[in-house]
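Here is what each chain is made of, one letter per residue.
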Amino acid sequence: MLAIQLQDRIIVNKDWATILFITCMIIIAINKTLSSIRFSEFMRLAYSDKYTKIYRDSNNLMNGFTISMFFVQLISFSFFILLILNQFNKADKNDFIVYIQIFTFLSVFILSKFLIEKIIATSFKIEEFNEQFNLLKVNYRAYFGFILLPINIVLFYNTLNSDWFFWSLLIGLLTINITTYLVALKLYQNYLLRKIFYFILYLCTLEIAPYYFIYNWFTKN
């Protein structure tokens, strides 16, 4: 007799990811429609600092365009972290609960760091620089999150077993951070030279130490 072996068909629910990706697309489309000139300059951040010069006023930190692109950045970075964990068999990329945990941790970390920076900047009397530096970081990281979004979409719905590709993206993220500091030094060099001690202390305390402790925590756990 012909033996028939039945296998369970596992259907993975990816609707939650699709909704988040579509939400990001809608936000980007709205920004492009309502702020077409600003969006065009934002798109040139990779090779031009015109956007940072035009929108360098600290009021832009709470602008609708900046906040919405920051939200897209959070979604994009959370997906990227989830995909990295999936690549190294630390999590399942289809697990919505893990994604929420990553998104929450990332949001709390960034917002907490932002509030602590404001307190320390006030103590060091470098509030003006802190606000403009935060705006600069938000702009460049939002740009990287924007570039990362289509890559996340492709990687989420397809399988790519290539560690070097993920390492390349991580190096790209590191490059974005270094570029941010270099641009800040260039834009505010006259101001920073008068407060170089506070700036170095600020970098060590709030820009290097938190990431070092997070790296230590992840590698030990």
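Residues numbered from 1 in each chain as written. Predicted model: local features only at pLDDT ≥ 70, side-chain atom pairs only at ≥ 80, totals over all residues. Heavy atoms only, no water.

Visitor: Explain the overall build of the protein to me, and be specific about the residues and the numbers.
Guide: Assigned secondary structure in the protein consists of nine helices and zero strands. Starting at the N terminus, the α and β elements of the protein follow one another as α-α-α-α-α-α-α-α-α. Long-range pairs, those at least 24 residues apart, make up 80% of the contacts in the protein between residues at least 6 apart in sequence. Carbon and sulfur atoms make up 66% of the accessible area of the protein, which amounts to about 13500 Å² in all. (Helix = DSSP H or I, 4+ residues; strand = E, 2+ residues; numbered from the N terminus. Contact = heavy atoms within 4.5 Å. Areas by Shrake-Rupley, 256 points an atom, 1.4 Å probe, with all protein chains shown as cover.)

Visitor: Now, about the pattern of salt bridges: what can you tell me, with residues and values included?
Guide: Scanning all chains against the criterion turns up two salt bridges. As a salt-bridge pair, Arg44 and Glu41 come within 3.2 Å of each other at their nearest N and O atoms. Judged by its relative accessible area of 33%, Arg44 is partly exposed. Residues joined in a network through salt bridges with shared partners are Glu41, Arg44 and Lys50. (Salt bridge = Lys/Arg side-chain N within 4 Å of Asp/Glu carboxyl O. Buried < 20%, exposed > 50% of the residue type's maximum accessible area, 1.4 Å probe, protein only.)

Visitor: Tell me about the nonpolar core, and name the residues and values.
Guide: Counting residues in each nonpolar core, the largest one holds 43 residues, and the members touching the most others are Trp16, Phe42, Ile75, Phe79, Tyr99 and Phe156. Residue assignment for this core shows that the elements contributing at least two residues are α1 (15–34), α2 (36–43), α4 (64–87), α5 (96–124), α6 (127–157) and α7 (163–187). The leading source of residues in this core is α4, at twelve residues. Not counting residues up to four positions away in its chain, the partners in contact with Ile75 are Leu20, Cys24, Tyr99 and Phe103. With seven residues, the next largest nonpolar core counts Ile120, Phe124, Ile126 and Phe129 among its residues. (Core = buried A, V, L, I, M, F, W, Y, C linked by side-chain atoms within 4.5 Å.)

Visitor: Tell me about empty space enclosed by the protein, and please be specific about residues and values.
Guide: Rolled over the atoms, a probe as big as a water molecule pinpoints where empty space is left. Counting across every chain of the model gives one cavity of 30 Å³ or more. Taken as a whole, the largest cavity encloses approximately 30 Å³ of empty space. At the level of secondary structure, the elements contributing two or more residues to the lining of the largest cavity comprise α4 and α6. No other element matches α4, which puts four residues into the lining of the largest cavity. Considering only residue class, the lining of the largest cavity consists of seven nonpolar, two polar and no charged. (1 Å grid on protein atoms, 1.4 Å probe; cavity = no way out; pocket = protein on both sides within 12 Å on 5 of 7 lines; lining within 4 Å. Points joined across faces, edges and corners; volume = space filled by probe spheres on them. Nonpolar A, V, L, I, M, F, W, Y, C, P; charged D, E, K, R; others polar.)

Visitor: Explain the confidence of the model for the protein to me, and be specific about the residues and the numbers.
Guide: Should pLDDT be low for a region, the predicted coordinates there are not to be read in detail. Taken as a whole, the protein shows an average pLDDT of 80; of its residues, 80% reach a score of 70 or greater. Mean pLDDT per element in the protein: helix α8 (residues 189–194) is the minimum at 67, and α1 is the maximum at 94. (pLDDT = per-residue confidence, 0-100.)

Visitor: Quick rundown of the packing of α2 against α4? Include the residues and the values.
Guide: Two elements in contact, α2 and α4, have axes separated by 12 Å at closest approach and are oriented at 50°. Comparing the axis directions of α2 and α4 gives the class oblique. For the crossing formed where α2 meets α4, the hand is right-handed. Every residue of α4 that contacts α2 at Arg38, Phe39 and Phe42 is listed here: Phe65, Thr66 and Met69. Looking at the contact of α2 with α4 residue by residue, the class counts come to four nonpolar, one polar and one charged. (Axes fitted to C-alpha atoms, helices over the stretch in contact; angles between N-to-C directions. Parallel < 35°, antiparallel > 145°, perpendicular 65-115°, else oblique. Left-handed = near helix turned anticlockwise from the far one by under 90°.)

Visitor: So what's going on with the packing of aromatic side chains? Which residues, and what values?
Guide: Scanning the entire structure with this criterion turns up 21 aromatic pairs. Geometrically, the ring pair formed by Phe39 and Phe146 is edge-to-face, given 6.1 Å between the ring centres and 90° between the ring planes. Highlighted residues: Phe39 in helix α2 and Phe146 in helix α6, separated in sequence by 107 residues. For the pair formed by Phe39 and Phe146, the shared burial category is buried. (Phe/Tyr/Trp six-rings, centres within 6.5 Å; stacked < 30°, edge-to-face > 60°.)

Visitor: Give a detailed account of unusual backbone geometry, specifying residues and quantitative values.
Guide: With a phi angle near 60°, Asn89 is a residue other than glycine that sits in the positive phi range. Along the chain, Asn89 falls in the loop between α4 and α5.

Visitor: Summarise the side chain of Ser78; cite the residues concerned and give the values.
Guide: Here Ser78 shows up in helix α4. If we skip the residues at most four places from it in the chain, Ser78 touches Tyr99, Ile102, Phe103 and Leu106.

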